[in-house]
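# Chains, contacts and geometry: an overview
One-letter residues, chain by chain:
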Amino acid sequence: MIPVKLTIEGLYSYQERQIIEFNNLTEAGLFGIFGKVGSGKSSILEAITFVLYGETERLNNRDKRAYNMMNLKSNRSYIEFDFYNYENKLFRATREFKRNSKNFEDVKSPTVVLYEFKNETWIPLESSDIERIIGLSYKNFKRTIIIPQGQFKEFIELGATDRTKMMKEIFNLHRFDLQDKVSGLVKRNSSNLDQLQGKLSGFEEVSVQKIEELEVELKLAKEHSKIVLEEHLILSEAFEKLKRLKLDFDNLRHRKIEFETLKEQKINIDKKEKNLVIYERIFNSFYQLLKDQIKYSTELELKKHDVENQKKQFLLTENQLKEITKELEIIQPQFEKLHQKRQEETDLVLIAEIVKFTKEIETLKERTQKGLFQVEEVKQNEIEINQSIEKKEQEIKDLKANKVDSQIIFEVGNWFNTAKNLHNSISNQQKKNEQVQLQINQLKEELTELNVDKDSFEKENIAFKNQFLNRKKEIEEKRNQLEVQQKLAQYAHELHDGEACPLCGSAEHPHIIEVEDVSNNLALLKDSYVEIETEETDWQLKVNKVQQIFSRLQIFEDQLKQENSLIDDLNNQSINHLKLFIWTNFDSANYTHFQEIQQNSIRLEKEIEQKNEALKNDRIVLEKERQDLDKFSKALENFKLEEGEKLARINQNKANLKVLSFDDFKTFSEEDILFKAKELSQLNQKIEQTYQALNLNLNDLNPKLASQKTSITLIETQIKEILNELNQVNTQINTSLAEHYLHKIEDVNLILNQHLNISEEQKEINNFKVKYETAKQIINDLELKLDGLIFDENAFEETEIKFKNSEILKNEASEKVALIKANIDRLTKEFEAKKELLEEQAALQKRADNLKTMKSLFDSAGFVQYVSSIYLQQLCENANVRFHRMTRNQLSLQINENNDFEIVDYLNEGRTRSVKTLSGGQGFQVSLSLALALAESVQANVKAEKNFFFIDEGFGTQDTEAVNIVFETLMNLQKENRIVGIISHVDELKDRIPVALSIVKDEEKGSLIELI
């Protein structure tokens, strides 16, 4: 991951928005972030981890994280972080949370959004899974990229289980953890085998012999079925003929019975037809006339009722018009005087204002008198405050004259601090030299105890080795001679006449050699050889021990040279630093005198600050007094202006009186006058409203009266027209009665009250006629067809029984053939399926054997632990390249058989010890070496061109030389495409890092970031 830009606002001590552009920092390869303790340096790293993962090292959700992270002067926190991931894609992460405006301690949960930069646009991502983008979990992100304060040694102190888990995630070792997959495969394979066994249990009776038996049975069943089918066809033909004859005789009998019923129904149908003819004739003549008669009679009654109501309304409206006219005559004189009453109302309001203004003028005169007294009092206060300010200014001036310049104090103090640090460094370095010299003396004493001369030991060693070699060579030669003699004696003892000699092949042996027994001599030579090897081993052990002492002695002598060089450098720095002391008022050898001056300066500075604060307060009070004086003066002017305005309004109001006189109301109060004006206004308003309402009603009633009169005339005309129509209808009804020879209308109503549906009734009659004639014709046809034929019921029943029995036999024969055929097909398919299952069972059994072998390999994640240990070994080798240099080849890091880290101490004969025994500075060195090696491995694993690493602690535990070595290591990382950021409050690092950020905490604005 490579950072591009970070924006922070309202987070911890960052009150105002601060933006860090990382381009200039990352291009330098090594950069720093410096500031005092508590300035907000570590908050930058916490902002990055929080915006990415929603996690922080200091706080969790139970700690009211959102509330505690938000700046107390802010109502909103916002973090925005742009970065390149390992695929060199540009992403942006944002988190924002706000304070509840009604509850200060209620801070809403942060909202997070991830973006990817594509096609020159920031595109929001649906998922906020940052692990997929960066390739690391939060814990491993802290261990490999951004390491928070207090977590630098976490990786080296992890237990074996946690470290293996971390290695699995960082290096994707999950791909080697095949235990679950293999177990799943074994389980599925076993399940498949069990299922196959169950399936095969259903195929026990399936065989070729069974299929052949069924094929013979099928052939016999087909022959039997053919015979049965031929017999059934003969019976079927005879039965069908009898069945058709039976149907015809049964049909004729039923038809005759139905026809007798139709004959009885025909009598009623004929009567209904005659009645329908009469009904249709009367309906056509009278139905519409009777309907019109009812309609005109109903309309006539309604119109008569309507005209009566209209006449009543007309009389009512006429009476209302007369009453309104009388009321208008009464109120008319009052309405004509309304203009004068309105003027009286206006005059009363003007008189009330005159009374009000007169009273207010008296109040203003009292306030003016009181204001004049306050102005004089404020002027006196202003003179006294001015005198106090002048006095304090002179006191401050005198104090400043006696105070030493704070810049000089600061510079002299820095000089003394640096001198003190140099003195302490020289003292510490001398102690270190003494310790190294003590180690050298101890090693020389060990050489003396071993009786070893460093200059001649190498020659002595070569001489001893040559001596051992010659003595062993001499014994080897003697042993070879004795072994030859022993072999010859063995051959001579085994020679027999007539047998070939194994050496010359001769079958004759005239002179057999006699050799003495050399076994004792060989045993003595063997003991001598073992004794020489023992001496050589003892000597080699001594040589190894001496060489270790030589090696350690060389290391300490080299270190002593380096330490002496460092002392010389520090002494030179001290001499040069003394030359920088240029202040004549101070003594470089008298630090106590400087402290006294410094304390006095601080006291004077504090006193000046107090005086300035008092002066500031006096000036604030003076400004307030001046503002009060200005305010009082303006108020007096306003009082005079207001008094003149009110007097002018009084004169104007008196001039505007039209009807009433002010002298008549001098004794009245403003409230009494306004009450009279209100009563008069209400009375005038009532007169005007009443007059207008009466006129409005009068205007409404006149048109209404005319409209009602017109409606009465129109309705009377309509009544005459309806009466004429009704008479015409009655005349037509009487004429129709005479035409149909009817005496009264009741006879017509009696017929029409049947309410017959003519079309439906006629349709029913016609349908019956057709049915009657059709039945008659069918009977004639059947009698003609069956003429001369006879039907025997017993013969039919006998034939039917034979046919049914034949059909049963046919079906049984067919079913038997089908059943045997189906069994053959089924067994044939099952036989093929059985063959496939057996083949599949053999394959699964073979797979089960293979999976058993695989399961033993991957059980208990053994393979993953093995791969993890290889990665850890490689990690140690890479870390030792830098760790050796940092510790001057005194220490080394290795992995023991339990996959735990331990230290190899070359100053103590290469013995191992726990990493927890390291000092703080050594712990930082090994942690840094491991962190760099781990980061490099991660970089290689994700194939990133560059990678980024942040350090937030550690340099305060290192001495000057160690800082130099660590710093040189970090500088070389730039050549390896590594970018390192350092967070520290150690001032010596500022001048050595090419580019850095400075964090300053302002009391008003919070933490501020500046590029230096």
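All of the points below concern the structure found in this document. (Residues numbered from 1 in each chain as written. Predicted model: local features only at pLDDT ≥ 70, side-chain atom pairs only at ≥ 80, totals over all residues. Heavy atoms only, no water.)

The next thing to look at is the overall build of the protein. A count of helical and extended segments in the protein gives 20 helices and 16 strands. The C-alpha radius of gyration computed for the protein amounts to 65 Å, which surpasses the reference 31 Å derived for 1012 residues by more than 25%, pointing to a less compact arrangement than a globule. Each principal axis of the C-alpha distribution contributes one length, and for the protein these read about 185 × 150 × 40 Å. Residues classed as buried in the protein amount to 35% of the 1012 residues present. Considering only intrachain contacts with a sequence separation of at least 6, the fraction spanning at least 24 residues in the protein is 77%. Carbon and sulfur atoms provide 50% of the accessible area of the protein, an area that totals close to 63,800 Å². Of the charged side chains in the protein, 143 are positive and 175 negative; the average position of the first set lies 5 Å away from that of the second. (Helix = DSSP H or I, 4+ residues; strand = E, 2+ residues; numbered from the N terminus. Rg over C-alpha atoms; globule rule 2.2 N^0.38 Å. Buried < 20%, exposed > 50% of the residue type's maximum accessible area, 1.4 Å probe, protein only. Contact = heavy atoms within 4.5 Å. Areas by Shrake-Rupley, 256 points an atom, 1.4 Å probe, with all protein chains shown as cover. Lys, Arg positive; Asp, Glu negative; His and termini not counted. Charge placed at Lys NZ, Arg CZ, Asp CG, Glu CD.)

For the rest of this paragraph, the subject is a negative patch on the surface. Negative charge collects at one region of the surface, where Glu-16, Asp-1002, Glu-1003 and Glu-1004 lie side by side. Here Asp-1002 lies in strand E15 (residues 995-1002). For Asp-1002, a relative accessible area of 33% puts it in the partly exposed group. (Patch = residues over 30% accessible without salt bridge, like charges linked within 9 Å, V, L, I, M, F, W, Y side chains within 5 Å. Salt bridge = Lys/Arg side-chain N within 4 Å of Asp/Glu carboxyl O.)

Okay, the packing of aromatic side chains next. In total, this model carries 26 aromatic pairs according to the counting rule given. Summarising the aromatic geometry, the rings of Trp-415 and Phe-416 are spaced 5.3 Å apart at their centres and angled 85 degrees between planes, so their arrangement reads as edge-to-face. Put simply, the rings of Trp-415, Phe-416, Phe-581, Trp-583, Phe-586, Tyr-591 and Phe-594 pair up and form one aromatic cluster. The residue whose ring lies beneath Arg-95 is Phe-50, and the NZ or CZ to ring-centre distance is 5.6 Å. In this structure, Arg-99 is placed above the aromatic ring of Phe-104, and the distance from its NZ or CZ to the ring centre is 4.0 Å. (Phe/Tyr/Trp six-rings, centres within 6.5 Å; stacked < 30°, edge-to-face > 60°. Lys NZ or Arg CZ within 6 Å of the ring centre and 35° of its normal.)

Within the open sheet, the 3 strands sit side by side as E10-E11-E12. Their pairing is antiparallel. Every other strand in the sheet has two partners, leaving strand E10 (891-895) and strand E12 (911-914) as the edge strands with one partner each. On average, each strand axis in the sheet is tilted by 40 degrees relative to the strand beside it, whichever way the strands run. Relative to strand E11 (residues 901-905), E10 runs antiparallel, the two sharing 5 bridges. Bridge assignment links Leu-891 to a residue of E11, and that residue is Asp-905. (Pairing = 2+ DSSP bridges. Axes fitted to C-alpha atoms, helices over the stretch in contact; angles between N-to-C directions.)

With 13 residues, helix H2 (residues 41-53) extends 19 Å between its outermost C-alpha atoms, agreeing within 8% with the 18 Å of an ideal straight helix rising 1.5 Å per residue. With respect to burial, H2 is a largely interior element, 12 of its 13 residues being buried. For H2, the complete set of buried residues consists of Lys-41, Ser-43, Ile-44, Leu-45, Glu-46, Ala-47, Ile-48, Thr-49, Phe-50, Val-51, Leu-52 and Tyr-53. (Expected span 1.5 Å × (residues − 1).)

Between helix H9 (residues 338-402) and helix H14 (residues 670-739), the least distance of the axes is 9 Å, while the angle of their chain directions is 160 degrees. By the criterion of interaxial angle, the relationship of H9 to H14 is roughly antiparallel. In this structure, H9 meets H14 at a crossing whose hand is left-handed. Here H9 contributes Leu-338, Lys-341, Arg-342, Glu-344, Glu-345, Leu-348, Val-349, Ile-351, Ala-352, Val-355 and Lys-356 to the contact with H14, which in turn contributes Glu-670, Ile-673, Leu-674, Lys-676, Ala-677, Leu-680, Ser-681, Asn-684, Gln-685 and Glu-688. (Parallel < 35°, antiparallel > 145°, perpendicular 65-115°, else oblique. Left-handed = near helix turned anticlockwise from the far one by under 90°.)

A few words on the pairing of strand E1 (residues 2-9). Buried residues dominate E1, accounting for 6 of its 8 residues. Of the pairings in the sheet, the one linking E1 to strand E4 (residues 76-84) comprises 7 bridges and is antiparallel in character. Bridged to Glu-9 within E4 is Tyr-78. Bridge count for E1 against strand E2 (residues 18-21) is 4 bridges, and the pairing is antiparallel. Counted as the bridge partner of Ile-8 is Gln-18 from E2.

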